[in-house]
Amino acid sequence: MSLVFYCGSGSPYAWRVWLGLEHKALAYELRMLSFSAEDLKTPEYVAVNPRRKVPAIVDDDFSLYESAAILEYLDERYADRGARLFPGDVRRRAVVRRMVQEVDQYFAAPMERIVDQVLFTPQENWNLERIARARATLAEELANWEQTIRADWLAGAEASAADFSLYPLVALTQRMQRRKPDLEVEAMLGPRVRAWMRRVEALPYLRKTWPPHWK
Ligand SMILES: N[C@@H](CCC(=O)N[C@@H](CS)C(=O)NCC(=O)O)C(=O)O
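Residues numbered from 1 in each chain as written. Predicted model: local features only at pLDDT ≥ 70, side-chain atom pairs only at ≥ 80, totals over all residues.

Undergrad: When you look at the domain arrangement of the chain in this model, what are you seeing that I'm missing?
TA: Much of the literature gives interface size as the accessible area that the parts lose upon coming together. Its domain assignment divides the chain into domain 1 (3-85 + 209-214) and domain 2 (90-204). Each of domain 1 and domain 2 has a C-alpha centre, and the two are 21 Å apart. Taken together, the ten residues of domain 1 in the interface contact eleven residues of domain 2. Where the side of domain 1 that touches domain 2 is concerned, the elements lending two or more residues are helix H1 (12-23) and helix H3 (67-77). Element by element, the count of residues in the side of domain 1 that touches domain 2 is highest for H1, at six residues. Split into classes, the residues belonging to the side of domain 1 that touches domain 2 amount to seven nonpolar, two polar and one charged. (Domains from an automatic or database assignment. Contact = placed C-beta atoms within 7 Å. Helix = DSSP H or I, 4+ residues; strand = E, 2+ residues; numbered from the N terminus. Nonpolar A, V, L, I, M, F, W, Y, C, P; charged D, E, K, R; others polar.)

Following this line, the structure appears as structure tokens:
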């Protein structure tokens, strides 16, 4: 078996796959691509992911991109390894899939709008109204997650793809605050979300997957 994981430091989508690989205790080769060196635009990488984004994996002769699909693939292909990312029970599995969708549909979009402004736009050109609208949406979403959490993990007693999808985006939101302190991210985090974050941060492999340029 040869499993190659193409990652980019700080990408929340790549980070979820990294957490998934570690959770399942899979052996993989990490290839950390550089956005600034344009590694994602090389013909070799475009052959793996024509959308020129991370993450992607190559499992022997099979390439796959899109982080949510990768998590499902890894869990099914390596069902007998490590812990599950999606529960075996059909209804519980449907709930985890729903949560991953909710993260991608409702949390990721405003997060990307903030990243686009705060990280990739010179400060003098920031659209403060756009940032404020995105922040308000994130605050609403975090309030929803605060209500959703009823156990140790988002979908119950065990960590799942849902936790690995949401956590990197919340961590990235906190990171944005370093550039724009009045985002007041901490004010958006309720007690259950905070306790959940501490549980994710206590996972033995979390540090290993921390974005290298954040360390
Ligand atoms: N829906 C994709 C999103 C992947 C994505 O947007 N990756 C970003 C990094 S966070 C990327 O590679 N961007 C490169 C670029 O736009 O040049 C997934 O879930 O895998």
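Undergrad: Explain the pairing of strand E1 (residues 3-8) here, please?
TA: For a regular strand, side-chain orientation follows a simple rule: the groups alternate between the two sheet faces. Across four bridges, E1 lies against strand E3 (residues 56-59) in antiparallel orientation. Looking at the pairing, Tyr6 lines up with Ala56 of E3. Across five bridges, E1 lies against strand E2 (residues 29-33) in parallel orientation. Its bridge partner lying in E2, Gly8 is registered against Leu33. Following the backbone out of E1, through H1 and into the adjacent parallel E2, one traces a crossover that is right-handed. (Pairing = 2+ DSSP bridges. Right-handed = clockwise from strand over helix to strand, strands pointing away.)

Undergrad: Any chance you could explain the site of the ligand here in plain terms?
TA: By nearness alone, every residue bordering the ligand is listed as Gly8, Ser11, Pro12, Tyr13, Leu40, Arg52, Lys53, Val54, Pro55, Glu66, Ser67 and Ala68. When residues of the shell around the ligand are traced back to their parent elements, those giving at least two are H1 and H3. The class makeup of the residues in the shell around the ligand is six nonpolar, three polar and three charged. (Near = placed C-beta within 6 Å.)

Undergrad: Looking at this structure, I do not really get the pairing of E3. What am I missing?
TA: Pairing of E3 with strand E4 (residues 62-65), which is carried by four bridges, proceeds in the antiparallel orientation. Bridge pairing in E4 places Asp59 opposite Phe62. The loop that links E3 with its antiparallel partner E4 comprises two residues; one of these, Asp60, has a positive phi angle of about 55°.

Undergrad: For this particular structure, what's the right way to read helix H5 (residues 128-148)?
TA: For an α-helix, 3.6 residues make a turn, and residues three or four places apart therefore share a direction. Over its 21 residues, H5 runs 30 Å from end to end, which matches the ideal 30 Å to within 8%, given 1.5 Å per residue. Ile131, Ala134, Arg135, Leu138, Glu141 and Trp145 are the residues of H5 that are buried. Seen from one end, H5 has its buried residues packed into an arc of 125°, which puts them on one side. Counted as exposed and oriented over 90 degrees from the buried face of H5: Glu129, Ala136, Asn144 and Gln147. (Expected span 1.5 Å × (residues − 1). Buried ≥ 20, exposed ≤ 12 C-beta atoms within 10 Å, placed from the backbone. Arc of directions from axis to C-beta.)

Undergrad: Hey, could you run me through the packing of helix H4 (residues 90-118) against H5 in this one?
TA: Each pair of packed helices gets described by two things: the angle between the helix axes and the distance between those axes. Here H4 crosses H5 at 150°, and the two axes come no closer than 9 Å. One element, H4, and the other, H5, form an angle in the roughly antiparallel class. Crossing of H4 against H5: the hand is left-handed. Along the contact surface, H4 presents Tyr106, Phe107, Pro110, Met111, Arg113, Ile114 and Gln117, while H5 presents Arg130, Ile131, Ala134, Arg135, Thr137, Leu138 and Glu141. The class makeup of the residues in the contact of H4 with H5 is eight nonpolar, two polar and four charged. (Axes fitted to C-alpha atoms, helices over the stretch in contact; angles between N-to-C directions. Parallel < 35°, antiparallel > 145°, perpendicular 65-115°, else oblique. Left-handed = near helix turned anticlockwise from the far one by under 90°.)

Undergrad: Could you clarify how one ought to interpret the nonpolar core in this entry?
TA: Most often, soluble globular proteins have nonpolar side chains that are buried together. Trp18, Met111, Ala161, Ala162, Leu166 and Leu169 are the most contacted members of the largest nonpolar core, which totals 47 residues. Excluding its chain neighbours within four sequence positions, the residues that come into contact with Leu166 are Val103, Phe107, Trp145 and Leu154. (Core = buried A, V, L, I, M, F, W, Y, C linked by C-beta atoms within 7 Å.)

Undergrad: Could you clarify how one ought to interpret unusual backbone geometry in this entry?
TA: Most peptide bonds adopt trans geometry, and most residues besides glycine take a negative phi value. Here Val54 and Pro55 are connected by a cis peptide whose omega angle stands at 10°. Relative to the helices and strands, Pro55 resides in the loop between helix H2 (43-48) and E3. The phi torsion at Asp60 lies on the positive side, around 55°, for a residue other than glycine. Within the secondary structure, Asp60 is located in the loop between E3 and E4.

Undergrad: Even after reading the chapter, I still don't get the environment of Arg92, so can you show me in this structure?
TA: Mapped onto the elements, Arg92 comes out in helix H4. Among the residues examined, Arg92 registers 15 C-beta atoms within 10 Å and is labelled partly exposed. Separated by 86 residues in the primary sequence, Arg92 and Tyr6 place their C-alpha atoms 29 Å from one another.

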